Each structure stands twice: as C-alpha cells, then as structure tokens.
Amino acid sequence: MTHNNSDNNLYKHLLKTAQPKAIAFELPDEQQILSYHQLNHVVDQYARVLLQFQLPEQSRILVQLEKNITTIYIYLAVIKLGYTLIPINPSYGHTEIQYFIEDAEPALFICTDAVAKQFNQIVKNYNGALYTPEQPVTLVVDNPINIETKSVDVDAIAVIIYTSGTTGKSKGAMLTHANFIAQLIDLKHAWKINEQDVLIHALPIFHVHGLALNLFLGLYSGATIKLFKRFDCDEVVPHFQKATIFMGVPTMYNRLINSPSFNRTAVGSIRLFLSGSAPLSIQTFETFYTCTGGYEILERYGMSETLITLANPYEGHRRIGTVGIPLPSININLIDPTGTPINFLAGQPSNIGELVCKGKTVMKGYWKKQDISFDENGWFKTGDLAMWDEKGYIKIVGRIKEMIISGGYKVYPQEVEHVILSFESHHIEEVAVFGVPDTDLGERVIAALVCNATEKPNFEDIKCFLKGKLAGYKIPKHFFWINELPKNAMGKVQRNVLYSSYCL
Ligand code: MCA
Ligand code: AMP
C-alpha cells in the first residue's frame, strides 16, 4: 500500500525535533556554527539549484564529493525534493566511476571540478546532466526562499547505497524513506539521544554508518553534530570535552587506545562510545575499558541492506564479543545450510548458522538486480555467520561471503583481481586477493600473483597502475609472487590456503 504525503519524506523527520535556533552543526575546521533554521534555508537554496535542472520526479542523483557541509546540504536537498540520493566515495577512481554511472543511470551527476574536467575521458555513454558546486551558495537569511518538501510514497527510495553486497559486484541497496524513519525511531529510543547531545562526526558520509547513524540520527534527535573532514586522533579527541556521543569503526578505537594522551580525562563528557562496521576485538574492548577507567564500547551490527539490526543494550549488560540483540523493528534468525532455523536454547551457546533478518529497516531490494539475497520466505541473507551465546545475544563468528573488512571499508577480492589482471596482461597470469589480520585495520588486503615470465613486473608499477583506477583502501598493501595458486577440485582458488601459508 502506498500513501503519498510529504510527512513520509525523511527530510521532514530529520528536521522535526530541533528548535530552529538550536545548533545543528559545529564546523571546527571553519570555526563556524549553523542553526537548524539556517540549515533548512541553505538546503532550500541548493534545492533551488537542483530544481533548475528540471529533472523528472524521483530521479536518481549520483553525488561524488568530498566530506564537508556543502555536500551535506546537497544530500539533504536531494532527499527533500523526493529524488533518490546515491552518495559515493570521493576517492573512487575511473573504473569505479564508470561502473556507477553505467549501473545507476543517474539523471544528474554531482562531482568535483577535477572529475568534471576528465569526465569525457572517464565515462562513455552518459546522457544525464553534470553539476559541480564550485561556488558554495551563499546564505540568504534576510530574504529566504522556501522550497516545499516533496510528497513521496511510503516506500519511495530515499537513498541508494552501493555496497559489495553478499555476492559479486557492487550493488545498489535501495533504502526507502520508511526504512530510515523506522531506524531513527529505534535508535533514538535505544540510545536516548536528545537535543542536549553533541555527536562527533568523523566518519565518511557515503556509507550507512556515517550517513544514517552519525548524520541522520543526530539531526532527527535535534542534537548538535561536530563535523570533521576525517578521523585524526589529535584533532578529534580535544573535542570530546564538549561532546557526548562518538561513533567509530574498530580501527578508530585502535588508534585512540594507541594514542599516548588518551586516558580517562581525555574521554571528557562522552557518555556513549559506539562501534560497528567491523568486528570489535575483545582486546580492543578491554584495553579501551582499562585506559578510560571503565567505559564499555557499545557494539552494534548492521549492513547497508538492512541498516542497523542488532545492538548491545544502552542500559542493560553489554556482552563483550557480541553484537547484542535485535532492534525493535527487526526479526532475526540463524539458519543452517539446509535452511533449517537454529533456535536459541537458554544457557547454552548454539551452533553456527547464517544470520538472516526481516523487518522495517530491510531494503526494498537491489537496484536493477534480482533479489538473490532474499530467501523464499522473504528473509534477507546477510552472508555473515553467527551463533547465539548462552544469554541469547548474537556473536558474529565469520563470513560466508568473500569479503575483506579493512578499517570498516569492504573490499571484494574479485573486483581488485579483475583490475590487477588488466595490468600488462601478458605479464600477470593469475592473481588472488585475500585479507590477513592487521592490528590497526582489522584486516589488510594482500595479493598473490603468478607470473612465469623471467622478467616480472615491478610491484610499485602495479600499485601505480591501480592508484587511478581504484580507491586507495582497495589497493593491496603487499604483493608477492607464487608459482601457482592453490585450487580445489572445482578449480576455485583456495584463499584460506593462501591465508594460512601467508600467516605462518
Ligand atoms: C584509508 N586507507 C586505507 C583505509 N582507509 N587502507 C586500507 N583500509 C582502510 N580502511 C589508505 C588510503 O587509501 C591512503 O593510502 C592511506 O590509507 C591514508 O588515507 P587516510 O584517508 O589518511 O586514511 P585514514 O584517515 O587513516 O583512514 C582510516 C579510517 C578510514 C579512519 C579507519 O578508513 C575510515 O574512515 N573508515 C570507516 C569506513 C566506514 O565508515 N565504513 C562503514 C561501512 P595512500 O596513502 O596509499 O593513498 S559499513 C556500514 O555502513 C554498515 C552499515 C555498518 O555496520 O556500519
Ligand atoms: P556494508 O556491506 O559496508 O554495509 O557492511 C556490512 C558488513 O559489515 C556486515 O555484513 C558485516 O560483515 C560487517 N559488520 C558490520 N558491523 C559489524 C560488527 N559489529 N561485527 C562484525 N561485523 C560487522
């Protein structure tokens, strides 16, 4: 059932709690503050710019911009106008941009000047418009324009997040206005976020973590967001003195505990440290607890396709090494390889199964792709392996999907292998990309290469070749030669064998 109404629009929800004069953003780099009232007006000015393109309703708008307040205005203007926002990583290279344009077929691509200048060399067959917000729109406070929030259907797509998905190439997870609204209601309540809160924002804004949680949840709660371009311990930690919530990936916590000045005093007024996007090791949790004099990081779990689904309790007992229990809008199940549910039995840890979920925050589906990740009963299959612990909390214990998690970013081996093989193809015969443990990043990307020629290419040349084509985090940190790749009877590369021999 659809219901067309501007109250369905996520933007309305984002701005409904705050007092107009309350501070929406603090921008430490620019030493500026911005009230909710000003935020709405600048968003309207960007909305007016977008309207000049006269795009059809519900157009997809691909945005590849650096993290800053202007990018946030643009994101919000897109949503306010009922278009679909597709935010992508500004460090994506040519190969990646070409893919997103082809797959998303946006009506408008908003990018930096640098990308726009090379656009015709990078992208073939694009019929949409191009916009570069070189000159930030100046704030007109005296004579503001008001742009109506667009009415949308309950299940209209607000955002498409490209994610490695559970199999194959990057896919666009279609997230509806209703998905986000359900998530915001759950999390505001779970973590008791309100107008008094000040959130540190040091995450990228093109992923669910930095977008739906750190940004949308902050605004929806009427709180203040201290916006940083990136995470740098020395820059961010002093702001803990006047902030209440920090959201980070485990790598950020590793860096905090390794920073000599990080201690109980440095925690300042933070009341809640949240972690997600990658497994938080027990060691990181315990070291953080010790060096802060008793702060327990609250670990939660989610996916681009489902938003956040499980979390340790805010007030109850946080169980170390687990990702907690389902949020109110979500049902979860564990299933064995035959599809049979693995039930929780009080007092004993369960067998391991694939985590599946269903509920209000689960995406509508993948853009243009068959919904291969849903089973016949509509459960979304996460590709993560999990078990119930003896108290009924979920422990993530591994992955079925071949995905590496490096500093919270996801790397799909096949994508990197494909680009490596396009390097002077007569030189590199085979390649296998895999992840190995890393104390800072959790996992780091490694490549094993086969080349039988006597003169082998130089690893630095391969790295340079990859640099313009792939985002930096996907580029292997280490390469090595191997005579042949280990394969199973089906001819499939055994990454686990490579992993074991590399880690010995
Ligand atoms: C940067 N580099 C990396 C990574 N990040 N290499 C491997 N893994 C990484 N994660 C490389 C750059 O390409 C560059 O290489 C060099 O490191 C320095 O770059 P810089 O930007 O200075 O890196 P950094 O500041 O040290 O970044 C580390 C970081 C960052 C802060 C941990 O990776 C980060 O913000 N990660 C968060 C990812 C995230 O938000 N994931 C959420 C998705 P070179 O010098 O060679 O060019 S998951 C999600 O949304 C779900 C729903 C969930 O559950 O949350
Ligand atoms: P993404 O594809 O970027 O949305 O990332 C989703 C994936 O991140 C999940 O399928 C998990 O593999 C991983 N993930 C997120 N949170 C956690 C967590 N707390 N512990 C372990 N893995 C996590």
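Our structure's up above, just so we're on the same page.
Residues numbered from 1 in each chain as written. Chains lettered and ligands numbered in written order. Predicted model: local features only at pLDDT ≥ 70, side-chain atom pairs only at ≥ 80, totals over all residues. Heavy atoms only, no water.

Side note on the site of ligand 2
What counts, and what does not: Nearness here has a simple test: a residue counts as near a molecule or strand if at least one of its heavy atoms is within 4 Å of that partner. Within 3.5 Å is the distance limit for a polar contact, defined as a pair of N or O atoms, with the added protein rule that one can donate a hydrogen and the other accept it, and that residues adjacent in sequence qualify only through two side-chain atoms. Accessible surface area values rest on a Shrake-Rupley calculation with a 1.4 Å probe, where residue burial reflects the displayed protein chains alone. Numbering goes from the N terminus for both helices and strands, where a helix is a DSSP run of H or I of at least four residues and a strand is a run of E of at least two.
Taken together, 16 residues are adjacent to ligand 2, and R300, S304, D384, K401 and K410 come closest. At 2.9 Å from a nitrogen atom of ligand 2 is found a side-chain nitrogen or oxygen belonging to E299. Here ligand 2, which alone exposes 500 Å², has 95% of that area covered by the protein. Per-element tally for the shell around ligand 2: the top contributor is strand β13 (residues 298-303), with 5 residues.

Some points on the sheet that holds strand β19 (residues 380-388)
Put simply, the rule reads: At least two bridges found by DSSP between two strands is the condition for calling them paired. Axes, fitted as lines to C-alpha atoms, cover a helix only where it is in contact. Angles between the N-to-C directions of the axes lie from 0 to 180 degrees.
Reading across from one edge, β16-β17-β19-β20 is the order of the 4 strands in this open sheet, with antiparallel pairing throughout. Where the open sheet ends on each side, the last strands, each with one partner, are β16 (330-335) and β20 (394-399). Each strand axis lies, on average, 45 degrees off the axis of its neighbour in the sheet, ignoring direction. With 5 bridges connecting them, β19 and β20 associate as antiparallel partners. Paired with A386 across the bridge in β20 is I396.

Comments concerning the pattern of salt bridges
The following threshold applies: We define a salt bridge as a side-chain nitrogen of Lys or Arg found within 4 Å of a carboxyl oxygen belonging to Asp or Glu. Here the term buried applies to any residue with accessible area under 20% of the maximum for its type, exposed to any over 50%, and partly exposed to those in between, with areas from a 1.4 Å probe on protein chains only.
Scanning the entire structure with this criterion turns up 24 salt bridges. Here D103 makes a salt bridge to K369, at a shortest N to O gap of 2.9 Å. Here D103, found in helix α4 (residues 94-104), pairs with K369, found in the loop between β18 (365-366) and β19; they are 266 residues apart in sequence, far enough to count as distant. R495 is the salt-bridge partner of E402, the closest N and O atoms lying 3.2 Å from each other. With E402 in the loop between β20 and β21 (404-406) and R495 in helix α13 (residues 495-503), this pair connects stretches of sequence that are 93 residues apart. In this structure E402 comes out as partly exposed when scored by relative accessible area, which is 24%. Here R495 falls in the buried class, since its relative accessible area comes to 16%. Ionic contacts of the salt-bridge type, sharing partners, join the residues E402, E417, K492 and R495 into one network.

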